[in-house]
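Architecture and fold: a report
The primary structure of each chain is shown beneath.
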Amino acid sequence: MNALEITKTVAVIGAGTMGAGVAQVAAAAGHPVLLFDAGAGAAQKGLDQIDAGLEKQVARGRMPADERIALLGRIQVAATLEDLAPAALVIEAIVENLAVKQELFARLETICSPETILASNTSSLSITAIGAALARPQQLVGMHFFNPAPVMKLVEVIRGLATDETVAETVFATAEAWGKQAVLARSTPGFIVNRVARPFYAEGLRVLQEGGADAATLDAVMRECGGFRMGPFELMDLIGHDVNYAVTCSVHAAYYGDPRFTPSLIQKELVDAGFLGRKSGRGFFPYGTGVPVPAVQTASPFPAPQQVRVIGDAPFATTLIALMQKAGITVETEAREDDGDFVILAGEATLALTDGRSATECVLADELEALVLFDLALDYGTATRVGLARADQTSQQALEDAIGLWQAMGKQVSILDDIPGLVVMRTVCMLANEGADAVNQQVCSVAAVDTAMQGGVNYPLGPLAWADRIGVARVATVLDNLAASYGEDRYRCSPLLARRAMTGGGFHD
Ligand code: NAI
């Protein structure tokens with residue numbers, strides 16, 4: 001399907017945070033744009049905001065001055081809704097209220113041509129429900145941009161039950177022509193990003209609640225070991241706890257109380273206290289001039305064992321062995337006859353990757369001695385930090401040997417409490433599980449999950465591609481172990497993920 005021709009007029013309604021950004025994106029692509037807002041002077045204010053942003057870009061040498069003039073020249077403020085009659089595509093970015101949006105689109109149906117595509121930028125309302133009030137619901141589609149719209153790559157294109165296939169395809173092609181990455185999804189609560197991202201916050205909150213480590217340390221492990229651009233706590237502080245908590249509550253309610261989306265009491269308490277994050281000067285962390293950056297717990301230096309034994313294999317074994325050899329450590333390797341896990345014997349310590357059980361449980365079940373578990377890294381070669389947890393039965397000396405080994409491999413070490421699945425592993429497995437469930441429930445494709453999470457929230461790797469890298473069978477094991485540890489339905493394995501694990505296949509095979 002072809003994108004909307006650039007000679008066609010795009011109307012944007014609502015000139016606030018999102019509408020102004022969307023108008024800029026459409027004008028940058030070359031369309032004539034009409035910008036309308038019901039608030040007195042609001043459309044002009046939106047246009048002024050666009051101009052202020054463009055001026056900054058020109059000043060920084062990122063945009064030629066004549067391009068700014070041309071782009072602004074393509075955006076016209078509309079005085080009335082009737083002025084939007086010539087639009088081929090109308091994108092609505094007004095207040096998040098079903099009745100108000102329904103009324104707006106119903107009015108547009110009487111103003112615009114029957115071929116005009118009506119698009120909503122809603123984050124949380126059902127496109128199907130908005131369409132129910134329309135005479136031509138087949139012309140309505142979701143076009144969900146991310147904030148800030150000119151910067152964020154992703155656009156979720158949402159099909160309601162009545163949306164015409166060609167309407168969705170045209171909007172998809174148009175978003176791509178505007179330089180965005182488009183993904184197609186069915187109208188379901190949270191669409192893709194706001195659904196699949198829930199565990200990123202929820203698992204961090206659970207680990208914090210259980211005393212796994214303090215928020216700054218967990219953030220550091222998620223960034224420097226997990227490769228995420230921001231940790232969950234600093235990100236929630238940035239988004240605002242009122243907003244983030246409201247999204248979690250609405251997704252939880254929309255899925256009829258599915259425990260996978262249960263909101264956190266820790267976050268509720270912050271909202272109750274008015275500690276909303278950066279915007280109120282305090283969230284998980286304090287903000288303001290002269291406020292020190294919260295301290296990250298990092299282990300002090302310990303000597304590395306000079307000789308280690310590595311038993312078994314793992315996808316990351318070669319990387320770890322190379323790091324140890326580079327540090328001058330003699331590495332003896334040993335193949336495994338059984339299907340036991342990859343372990344490193346270093347001094348008194350036995351080191352293994354978390355499989356979703358606590359180290360304490362592994363010691364009892366697997367008869368391992370002095371076990372120290374390490375967390376999942378995006379890439380052990382480039383990670384600058386690792387999270388370790390010792391079993392309750394493991395000696396201090398064994399822990400120090402494990403710390404010394406990772407330090408010799410060039411990593412800072414954060415000691416976590418013996419929480420099942422540590423922090424990166426359980427978060428990534430739950431993200432992959434949610435992505436798999438979205439695919440299983442026909443919301444979107446495997447590729448759409450990965451594109452959405454990389455383009456919409458900057459994840460370093462799509463959760464399903466990440467599951468393939470870890471090994472889907474291991475992801476299923478981690479989830480099953482978390483489910484057993486907690487006895488909660490929250491950690492149940494998606495049927496699709498379980499199926500892939502059974503055959504040893506991956507999501508991208
Ligand atoms: P905003 O409050 O910054 O702007 C909304 C604008 O719409 C205001 O200027 C207001 O005067 C105008 N407006 C309200 N009712 C109107 C009506 N009936 N007719 C015409 N104009 C009207 O809101 P924001 O943040 O830009 O959100 C707009 C929409 O985009 C919402 O549906 C929201 O869920 C969605 N969204 C917001 C994101 C965000 O990060 N803020 C991200 C993605 C989607």
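Residues numbered from 1 in each chain as written. Predicted model: local features only at pLDDT ≥ 70, side-chain atom pairs only at ≥ 80, totals over all residues. Heavy atoms only, no water.

1. Here's the deal with the overall build of the protein chain
Across its full length, the protein chain carries 20 helices and 15 strands. The C-alpha radius of gyration of the protein chain comes to 26 Å, within 12% of the 23 Å expected for a compact globule of 509 residues. Viewed in the frame of its principal axes, the protein chain has a C-alpha envelope of about 75 × 50 × 40 Å. Considering only intrachain contacts with a sequence separation of at least 6, the fraction spanning at least 24 residues in the protein chain is 69%. (Helix = DSSP H or I, 4+ residues; strand = E, 2+ residues; numbered from the N terminus. Rg over C-alpha atoms; globule rule 2.2 N^0.38 Å. Contact = heavy atoms within 4.5 Å.)

2. Re the site of the ligand
In the region of the ligand, 20 residues are neighbours, and Thr 17, Met 18, Asp 37, Glu 96 and Lys 101 sit closest. Backbone polar atom of Thr 17 to an oxygen atom of the ligand: 3.0 Å apart, as the coordinates give it. A distance of 3.1 Å separates an oxygen atom of the ligand from a polar atom in the side chain of Asn 121. For the shell around the ligand, the secondary-structure elements that each account for two or more residues are helix H1 (17-28), helix H4 (98-111) and strand E6 (140-145). The class makeup of the residues in the shell around the ligand is eight nonpolar, nine polar and three charged. (Near = heavy atom within 4 Å. Polar contact = N/O pair within 3.5 Å; in protein donor to acceptor, adjacent residues only side chain to side chain. Nonpolar A, V, L, I, M, F, W, Y, C, P; charged D, E, K, R; others polar.)

3. Observations concerning the pattern of salt bridges
A complete count under the given rule lists 24 salt bridges for this structure. For Glu 165, the salt bridge goes to Arg 159, with nearest N and O atoms at 2.9 Å. By relative accessible area, Glu 165 is classed as partly exposed at 39%. Here Arg 357 and Asp 366 are joined by a salt bridge, their closest N and O atoms 2.7 Å apart. Within the structure, one salt-bridge network assembled from shared partners comprises Arg 195, Arg 260, Glu 434 and Asp 437. (Salt bridge = Lys/Arg side-chain N within 4 Å of Asp/Glu carboxyl O. Buried < 20%, exposed > 50% of the residue type's maximum accessible area, 1.4 Å probe, protein only.)

4. A look at the sheet that holds strand E13 (residues 371-374)
Pairing within the open sheet is mixed, and its seven strands lie in the order E10-E9-E11-E12-E13-E14-E15. Each having just a single partner strand, strand E10 (330-334) and strand E15 (412-415) make up the two edges of the open sheet. For this sheet, the mean angle separating the axes of adjacent strands, direction not counted, is 25 degrees. As paired elements, strand E9 (residues 307-311) and strand E11 (residues 343-346) share four bridges and run antiparallel to each other. In the sheet register, Ile 311 faces E11, and the bridge partner there is Val 343. Sheet contacts for helix H13 (residues 317-326): E9, E10, E11 and E13; angle to E10, the most-contacted strand, approximately 150 degrees. (Pairing = 2+ DSSP bridges. Axes fitted to C-alpha atoms, helices over the stretch in contact; angles between N-to-C directions.)

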